[in-house]
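# An overview of the molecular structure
Given next are the chains, with one letter for each unit.
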Amino acid sequence: MRPVKRVMAVLIFLFLAAPCFAMTLLTQKEALRLVFGNDAQVAGEQKVLSQAQQEAVKTRVGKCFHPQKEYTFYFGEAEGKRFSVALILEAPGKWGPIQFIVALDLDARVRDVIVMRYTETRGRPIARRSFLKQFIGKSGKDAIVLNKDIVAISGATISSQAAACTVKEAIALYEELYK
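This part is about the pattern of salt bridges. Scanning the entire structure with this criterion turns up 7 salt bridges. Here R82 ties to E45 by a salt bridge, and the two come within 2.2 Å at their closest N and O atoms. Here R82, found in strand β4 (residues 81-92), pairs with E45, found in strand β2 (residues 41-47); they are 37 residues apart in sequence, far enough to count as distant. Among the charged side chains, a network of salt bridges with common partners joins E45, E77 and R82.

Written out as structure tokens, the structure is:
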């Protein structure tokens with residue numbers, strides 16, 4: 001009877017601990033290479049938001065805004081000219097943070113969105129291209145709201161919301177600091 005209790009205890013632990021395991025899909029280097037291409041030069045610029053800039057971003061994105069002390073904007077360059085910018089941001093999921101890279105063109109239109117790391121169990125489908133491609137082409141003029149211009153994944157609403165919020169935040173940060 002004792003071995004059965006041990007097996008049950010292990011199974012219960014694994015069931016309860018499953019949401020706690022983070023999964024890294026891409027490193028920062030791999031993500032930057034994917035959004036800019038292998039031949040691009042990457043230059044990072046650190047920015048700190050002033051209080052006025054924080055308020056402006058918060059007004060635009062509302063509860064989606066998760067301020068950081070410092071932001072790194074990565075610029076893709078070819079032949080000495082910038083052609084794209086990317087931010088690596090985190091948004092809270094149900095079980096832990098979800099890390100995204102959001103690439104924009106210099107006019108603040110979304111070029112790509114990729115999930116780099118997550119802790120979610122039910123939200124894993126947000127890492128699929130079929131979900132993320134709906135953000136491509138979005139800009140600050142778009143609502144970027146679930147069930148309005150973004151189709152959420154059934155059973156992964158919190159993770160879907162995290163993706164939409166991160167894209168809105170990336171656009172607002174870039175426009176506030178560079179446009």
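Tallying each qualifying case throughout the model produces 5 aromatic pairs. Between F131 and F135, the ring centres sit 5.7 Å apart and the planes meet at 80°, which makes this aromatic pair edge-to-face. The pair F131 / F135 is uniform in exposure class, with both members buried. Aromatic ring contacts, followed pair by pair, group F73, F75, Y174 and Y178 into a single cluster. The ring of F75 has R82 sitting right over it, with the charged end atom 3.7 Å from the ring centre.

This part covers the side chain of Q99. With respect to the secondary-structure elements, Q99 resides in strand β5 (residues 97-104). Residues within four places of Q99 in sequence aside, it is in contact with I88, L89, E90, I114, V115, M116 and R117.

What the 6 strands build is an open sheet, ordered β1-β6-β5-β4-β3-β2; its pairing is antiparallel. Each edge of the open sheet is held by one strand with a lone partner, namely β1 (23-24) and β2. Summarising the sheet, β4 and β5 pair through 8 bridges and their orientation is antiparallel. Within β5, the position partnered with I88 by the bridge is I101. Where helix α2 (residues 28-36) meets the sheet, it contacts β2, β3 (71-78), β4, β5 and β6 (110-118), and its direction lies at approximately 160° from that of β6.

Our focus in this paragraph is the nonpolar core. Residues F73, F100, F135 and L173 are the most contacted members of the largest nonpolar core, which totals 41 residues. Put simply, the parts of the chain that give this core at least two residues each are α3 (51-61), β3, β4, β5, β6, α4 (129-132) and α5 (157-178). When residues no more than four places from it in sequence are discounted, the contact partners of F100 are L87, I88, L89, A91, V113, I114, V115, M116, I126, A162, A163 and T166. Listed in part, the 13 residues of the second largest apolar core include L26, A40, Y74 and I101.

Burial runs high along β5: 7 of the 8 residues are buried. The turn joining β4 and β5, which pair antiparallel and follow one another in sequence, is formed by 4 residues. Pairing analysis gives 6 bridges linking β5 to β6, with the strands arranged antiparallel. Paired with V102 across the strands is V113, a residue of β6. Hairpin connection from β5 to β6: 5 residues lie between these consecutive antiparallel strands, with A108 at a positive phi of about 70°.

Our focus in this paragraph is α5. In a regular helix each residue adds 1.5 Å, so 22 residues correspond to 32 Å; α5 covers 31 Å between its end C-alpha atoms and thus fits that length. For α5, a buried count of 16 out of 22 residues is recorded, marking the element as mostly surrounded by other parts of the structure.

Calculation criteria
Residues numbered from 1 in each chain as written. Predicted model: local features only at pLDDT ≥ 70, side-chain atom pairs only at ≥ 80, totals over all residues. Heavy atoms only, no water. Salt bridge = Lys/Arg side-chain N within 4 Å of Asp/Glu carboxyl O. Helix = DSSP H or I, 4+ residues; strand = E, 2+ residues; numbered from the N terminus. Phe/Tyr/Trp six-rings, centres within 6.5 Å; stacked < 30°, edge-to-face > 60°. Buried < 20%, exposed > 50% of the residue type's maximum accessible area, 1.4 Å probe, protein only. Lys NZ or Arg CZ within 6 Å of the ring centre and 35° of its normal. Contact = heavy atoms within 4.5 Å. Pairing = 2+ DSSP bridges. Axes fitted to C-alpha atoms, helices over the stretch in contact; angles between N-to-C directions. Core = buried A, V, L, I, M, F, W, Y, C linked by side-chain atoms within 4.5 Å. Expected span 1.5 Å × (residues − 1).

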